[in-house]
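An overview of the molecular structure
What follows is the residue order along each chain.
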Amino acid sequence: MSDVVHGDTSNLKPSQARALGRLGERRVPADQVVTGPLARDLLALSHELNRRIGLFIDRRGRISRVILGDAHSLELPEFERVRGADGRLRGIRLVSSHLVPDPLDREELADLAKLRLDLIAALHDSPGGVQVDLASLQPARDDQRGFELRSFARAPLALLSPDAGGRDRVGHPRPELPTDFTAFIRELEGELVQATARTVAAGHGTRAMVLQVHSDEMNRQGGIEARQAELRELCRTAGVQLVELVVQRRRYPDPKTFLGSGKLREVLVRALEQDVELLICDPELSASQARVISTQTDLMVIDRTMLILDIFAQHARSSDGKLQVELAQLRYRLPRMVGKGTMMSRLAGGIGGRGPGETKLEIDRRRAQARINELDKRLVHLRRQREQRRARRRRSEVPVVAIVGYTNAGKSTLLNTVTDSEVRAEDKLFATLDPTVRRVRFPEEREVVMLDTVGFIRDLPPALMQAFSATLEEVAEADLLLHVVDATDPDNTQQIQAVERILDELGAADLDRFMVFNKCDLLPESRLMPESELAVGTYQVSALDRRSTRRLMEAIEDHLWARGKVEAPGPGRGPRVVPAGAATAVEPPEAEPDAGEGELSGEAKPPALNE
Ligand SMILES: Nc1nc2c(ncn2[C@@H]2O[C@H](COP(=O)(O)OP(=O)(O)OP(=O)(O)O)[C@@H](O)[C@H]2O)c(=O)[nH]1
Ligand SMILES: [Mg+2]
């Protein structure tokens, strides 16, 4: 059998197989979509076999593939992965037989889009002669970015011949038909290249579509709108332009294709229409799902976890932080490295590419594993150093107050305000990645260390937990936690629960904590609790306004000293004067470059305190 033929030929008679092979030897004039005689022979053989047949024809009119399908569908062979980023088409058209006079179906249109074929033509017999359904891509109209599908009204094949000049039998002109295929494709490609140039010049972030499966599990957790809002925020923070959020309700994601395969085809067409380059799946993808989606769509495919990791990579500042993120990225991707083109290499050209892991994007499994081992070793060393530093701090009996909370709750802003310093605070998720330590002095030579931490997020995957660990092992040893909550976020009940769950996993569940409801300046008076009715250990503040934090700061001091938590004041430098209106006297910020990697120290105990 000729290697031009693709498909299951095992049941063919030798003569039929030969006839199929001979189709592959035919030529078509370059300026014609297909000739009448070839169309008739294709249909005749198709009816004899009762199976569809497709031909890939290149621009010189040579047949590069003969594809044998079943009665209803054709499975096209894979192409080399070439992303036509410059707006060019594949240089190949598909001419195929339909046994029944159905129009082009979704699957065929999806193939056109995915493979960027020059054109697809489906032929069928009718009493009046061979009829043809045609479709191609075209630039989107109305200044929209991207491409759209263009279907032509069904026409007799005879109309496509150059002699017919695009006139139907009663002489009606059909100027849109590709009667001169060479001219047609030249013009179309010119338009597409131009449209792409406009797109690139516009310079938006990577265009992405989020694919979300509303599984039973997700429904149980509730707050799907909140989860979606959060995904939008994650995209914004990562510099990704979210074009569309596609949702499918299923009991669980399809083990092979994540979304159902029909839905996935739809997504592909929508993605093409909107010039989307990146698909972001929620919840997490398995290795094989990632592979299947990426081959079926020819797009970059990542999941929510990778998106978060990418943000981490962008935000890591200290060298330890960078090491940790690289380690988390490698750990997450290693089991998902399955051949080329899947998640391992996806991020490089897209949203990531600036991460600490970026140079490792194409390394193979073995090298990834070696790198993981090396990072582990370096981080163990750093962890030891950190432990020594902490031990020194414990000896000096300076109590540690750790600020924890959901991402974007205002933790860094609170730290800045109460310590008069300038920790990076931004309206972005995970603005803080490296733990930051500031000293706060109270009157009477009392002093605490305040620790700002990375924000938490629901469904924190284990790889990310490990990336958080630098800060988090310190959290487990804190004398007091300030759990900062964005009082304005309608989803904050869920967020509080997510934070509590993570604290629990860190072995920090039993630590003393204050609940700090932040951003109260944005709430109307009516939504604030009267001071007298606030539960013990609960505070309403605006981290932007130092006066509002006064009660909180007093309570911290009371909690740590008045109740005998700490016996003696630390070695001080004499009393300081409290500025009017402030609860604290503040020492100039002293940054401790204190970050690093280590295992999650579930065994870490809070320092012994005499209650
Ligand atoms: N109106 C108002 N905005 C606030 C307040 N506190 C923080 N913000 C804003 O909320 C955004 C997030 O603040 P951050 O301090 O970066 O939050 P974070 O909790 O440290 O965030 P991550 O480090 O990303 O987890 C910033 O734009 C702040 O200006 C507040 O009390 N009132
Ligand atoms: Mg922060």
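Residues numbered from 1 in each chain as written. Chains lettered and ligands numbered in written order. Predicted model: local features only at pLDDT ≥ 70, side-chain atom pairs only at ≥ 80, totals over all residues.

Attention shifts here to the overall build of the protein chain. Scanning the protein chain from N- to C-terminus turns up 16 helices and 18 strands. The 611 residues of the protein chain split such that 42% are buried. Taking as baseline every contact in the protein chain between residues at least 6 positions apart, the subset at least 24 positions apart corresponds to 71%. (Helix = DSSP H or I, 4+ residues; strand = E, 2+ residues; numbered from the N terminus. Buried ≥ 20, exposed ≤ 12 C-beta atoms within 10 Å, placed from the backbone. Contact = placed C-beta atoms within 7 Å.)

Time to look at the site of ligand 1. In the region of ligand 1, 23 residues are neighbours, and G410, S412, D427, T432 and G455 sit closest. When its residues are assigned to classes, the shell around ligand 1 shows 8 nonpolar, 10 polar and 5 charged. (Near = placed C-beta within 6 Å. Nonpolar A, V, L, I, M, F, W, Y, C, P; charged D, E, K, R; others polar.)

This brings us to the environment of R446. With respect to the helices and strands, the residue R446 is situated in strand β15 (residues 446–452). Take R446: there are 22 C-beta atoms within 10 Å of it, and that puts it in the buried class. For the pair R446 and W561, spaced 115 residues apart in sequence, the C-alpha to C-alpha distance is 8.5 Å.

Right, let's get into the pairing of strand β9 (residues 206–214). A large share of β9 lies buried, amounting to 8 of its 9 residues. Note that β9 and strand β10 (residues 240–249) share 9 bridges and pair parallel. Residue pairing across strands places A208 opposite L242, the latter belonging to β10. Judged from the 5 bridges that link them, β9 and strand β11 (residues 278–282) form a sheet pairing that is parallel. (Pairing = 2+ DSSP bridges.)

A separate point is the sheet that holds β10. Spatially, 4 strands are ordered β10-β9-β11-β12 in an open sheet, and the strand pairing comes out parallel. Looking at strand neighbours, the two that pair on one side only are β10 and β12 (300–303), the edges of this open sheet. Direction aside, the axes of adjacent strands within the sheet are offset by 25° on average. (Axes fitted to C-alpha atoms, helices over the stretch in contact; angles between N-to-C directions.)

Turning to the sheet that holds strand β16 (residues 480–486), a few remarks are in order. On the basis of which strands lie adjacent, the open sheet formed by 6 strands has the order β14-β15-β13-β16-β17-β18 and mixed pairing. Edge positions in the open sheet fall to β14 (436–442) and β18 (538–540), since each of these has one partner strand only. Across the sheet, the mean angle separating the axes of adjacent strands is 25° when strand polarity is ignored. The sheet contact formed by β14 and β15 spans 7 bridges and is antiparallel. Of the residues in β15, the one forming a bridge with V440 is V448. Contacts from helix α13 (residues 411–419) reach β13 (400–405), β14, β15, β16 and β17 (513–518) within the one sheet, and its direction differs from that of β15 by about 155°. Strand contacts of helix α15 (residues 492–505): β13 and β16, with the helix running at about 155° to β16, the strand carrying the most contacts.

As far as function goes, none of this settles anything; it's purely spatial.
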